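# What the coordinates show
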Amino acid sequence: MSKNNNIHEFTQLCRKIDQYMDNPKTEAEKLRSKILAKNKMKEEYLTLQEEIKNFMKSDASNEDKKMLRGYTESLSMICSAINEKLI
C-alpha cells in the first residue's frame with residue numbers, strides 16, 4: 001500500500017469519526033458532546049456535572065457509563081475549581 005493510500009484512508013477515517021462525534025445518538029454520546037463543547041459558562045459546567053451524576057445513577061448500560069467516565073476527569077477538575085472560587 002502506498003503512502004498516498006494510507007493518507008487517504010486515514011482522512012476517510014477522520015471524517016467518519018467527526019460525523020460520529022457530531023451526531024450523538026445515545027444519552028451518553030450527547031453528554032460526551034456537551035463535555036467536549038467549547039466556551040461553556042461556569043453554570044453550564046456545574047449543570048453538566050449534575051447531568052452526568054444523574055446519568056451514572058441511572059440504569060444506563062455499563063458500556064455507556066464506562067465510555068462517559070473517560071471524558072469526565074477534566075470536567076470534574078473544572079467544577080472543583082469553580083466551587084472553590086478559583087476561577
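Residues numbered from 1 in each chain as written. Predicted model: local features only at pLDDT ≥ 70, side-chain atom pairs only at ≥ 80, totals over all residues. Heavy atoms only, no water.

### What about unusual backbone geometry?
Put simply, the rule is: Helix and strand labels come from DSSP, where a helix needs a run of H or I of at least four residues and a strand needs a run of E of at least two; each type is numbered from the N terminus. Per-residue accessibility, obtained with a 1.4 Å probe over protein chains only, is compared with the maximum for each type, and a residue is labelled buried under 20%, exposed over 50%, and partly exposed between these values.
A positive phi angle, close to 60°, is found at Asn-39, a residue other than glycine. Within the fold, Asn-39 resides in the loop between helix 2 (27–36) and helix 3 (42–57). Residue Asn-39 is classed as exposed on the basis of its relative accessible area, which comes to 75%.

### Considerations on the environment of Leu-36
Turning to its location among the elements, Leu-36 is positioned in helix 2. Take Leu-36: its relative accessible area is 40%, and that puts it in the partly exposed class. Note: C-alpha distance between Leu-36 and Thr-72 (36 residues apart in sequence) is 9.9 Å.

### A word on the nonpolar core
Cut-off, in case you're wondering: As used here, the term nonpolar core means buried Ala, Val, Leu, Ile, Met, Phe, Trp, Tyr and Cys residues forming a set that is joined through side-chain atoms within 4.5 Å. By the convention used here, residues are in contact when the closest approach between their heavy atoms is within 4.5 Å.
Grouped together as the largest cluster of nonpolar side chains are 13 residues, with contacts concentrated most on Leu-31, Ile-35, Leu-48, Ile-52, Phe-55, Leu-68 and Leu-75. Among the elements of the structure, helix 2, helix 3 and helix 5 (73–83) are those that each provide at least two residues to this core. The dominant element in this core, judged by the number of residues it contributes, is helix 3, at five residues. Leu-68 has contacts with Ala-28, Leu-31, Arg-32, Ile-35, Ile-52, Phe-55 and Met-56, leaving out every residue within four places of it along the chain.

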